[in-house]
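# Chain and residue survey
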Amino acid sequence: MGPSRATGILPRMDQKNVFAVALGLAGTPWKVVDISFDKELKRLDITLDYPPGSLFPHPSTGRPSPTYDSSERSWRHLNFFQFECYVKAHIPRVDGGPGAGVHQVAVPWSRPQSGFTLLMESMLLVLAQSGMTVAEAARVIGEHPQRVWNVLLHHVDRAHGRMDLEKVRVVSVDEVCRKRGHNYLTIVSEPKQEGRPTRVLLAVEGRDSKALKEFADHLRRQGVSPEQIQTICSDMSPAYIKGISEEFGGAMLVFDYFHVVQLVSHALDEVRRRERRAFPDELKKVRWALLKGEDKLTEAERETRRRVCRGKLQTGKAFNHLDALRELMREPDAAVAEKELKWWCGWVSRSRIPEMVKVSRTIRKHWDGIIAYLKTRANNGAAEALNGIIQTVKRKSRGFRTVRYFTAMIYLVASHLEFDLPDPLPSTHTKSH
């Protein structure tokens, strides 16, 4: 019978059938046999059962098998309005006959060894991805944080192990601080490519050459050869360079604009600090006037920059070196940019500014990687953006107890994982006019 033409109201459906549909019990022996509400506990219990003589697939053989015995279980489900909701059932064990043994069957609404339904676990992932910390998500649902962590770790590990890496050709290697002191994670990410979003591929404790070996091993475990990686963007860390040469010898190593300019910016700041001890009045409050981009300066800072550059201090000359480098690194013609970079290195080498002479030597030492940037324009911009997202997660959580928890959250918010779970928030889409 269709909806009433007069009211448009669907025929009444038995409440047990409503919950059976919501739990996805269609096509299974399971039925909703009781629904009870405890007003004092503010709790709804949905009891499931199966008809006598029902057969269930044996976990080992898949053959329909008779029930051997059963044990009672309960699972936390999505809240029903503002009330906690639980699913209860006697879960059977089935006898598969000689050689197969007696095993407990799988149920369609939950995974083995979990105290939550699949919809509830899916909701926990949604809450964690939305910006809540695990502690906040646990408070929202009224559960212990460790139970929430157990769910997140299971599904994140599973989804991360299924990531499709077949088409990955370009990666970025960067580091993120885990906590105070020399505690870092190496983040290997893929910039936006061929319709795939920017995503974290692997997070590894430490920032040495072993991190690149772990990434190569991770690719092999996924059935992908490290030889398919064609371009790697990195900073000038000797450890990363060593790891890339050992594990990805056929890849093009690129030192991008940001890291090259940052190298010279740090040298400029060292010159300023050295000279400020001898000329405190001339170099008072000039740091940000020298290090900021032109578009971010106030008028007062522009005047300060002009004053320093017109003076005879080495700080002004070092700033001119930085400004010239920024300009030539933006040159679209790679051949012209390479020629100008050679001239720039000679100019800086003759400056007699120790910090800048050292930078010139460093750039010559890493020449091939810098020229690779001028030719490809591959950069770590996407990796820096991911770093910002990761730092936000770390600050909100006020740190993580273990590296595993931190990496799980990184994958959850920055790897675009695909989970094989039902959608806890079904929505409809309408066109706007």
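Residues numbered from 1 in each chain as written. Predicted model: local features only at pLDDT ≥ 70, side-chain atom pairs only at ≥ 80, totals over all residues. Heavy atoms only, no water.

## Considering the overall build of the protein chain
Broken down by element type, the protein chain carries 15 helices and 11 strands. In summary, the protein chain has a C-alpha radius of gyration of 30 Å against a globular reference of 22 Å for 433 residues, an excess of more than 25%. Summarising its shape, the C-alpha atoms of the protein chain cover approximately 95 × 50 × 45 Å along the three principal directions. Put simply, the protein chain has 433 residues, and 44% of those count as buried. Counting contacts in the protein chain only where the partners sit at least 6 residues apart, residues at least 24 apart contribute 58% of the total. Each charge class in the protein chain was averaged separately, 67 positive and 51 negative side chains, and the resulting centres sit 4 Å apart. (Helix = DSSP H or I, 4+ residues; strand = E, 2+ residues; numbered from the N terminus. Rg over C-alpha atoms; globule rule 2.2 N^0.38 Å. Buried < 20%, exposed > 50% of the residue type's maximum accessible area, 1.4 Å probe, protein only. Contact = heavy atoms within 4.5 Å. Lys, Arg positive; Asp, Glu negative; His and termini not counted. Charge placed at Lys NZ, Arg CZ, Asp CG, Glu CD.)

## Observations regarding empty space enclosed by the protein
Counting across every chain of the model gives 1 cavity of 30 Å³ or more. Around the largest cavity sit Asp-174, Glu-175, Ile-187, Ala-383, Leu-386, Asn-387 and Ile-390, which together line it. Of all the secondary-structure elements, those providing two or more residues to the lining of the largest cavity are strand E7 (170-179) and helix H14 (381-397). It is H14 that contributes the most residues to the lining of the largest cavity, 4 residues altogether. (1 Å grid on protein atoms, 1.4 Å probe; cavity = no way out; pocket = protein on both sides within 12 Å on 5 of 7 lines; lining within 4 Å. Points joined across faces, edges and corners; volume = space filled by probe spheres on them.)

## Concerning the nonpolar core
Formed by 100 residues in total, the largest nonpolar core has its most connected members in Leu-152, Phe-248, Leu-325, Leu-341, Trp-344 and Ile-363. A total of 9 residues in this core trace back to one element, the largest contributor, which is helix H15 (residues 403-414). Discounting chain neighbours no more than four positions away, the residues touching Leu-152 are Leu-124, Leu-125, Ala-128, Val-134, Met-409 and Leu-412. Core analysis: the next-biggest nonpolar cluster, separate from the first, contains 20 residues, Phe-19, Trp-30, Leu-44 and Trp-75 among them. (Core = buried A, V, L, I, M, F, W, Y, C linked by side-chain atoms within 4.5 Å.)

## Considerations on unusual backbone geometry
One non-glycine residue, Phe-81, lies in the positive phi region at around 55°. Of note, Phe-81 is situated in the loop between strand E4 (64-80) and strand E5 (83-95).

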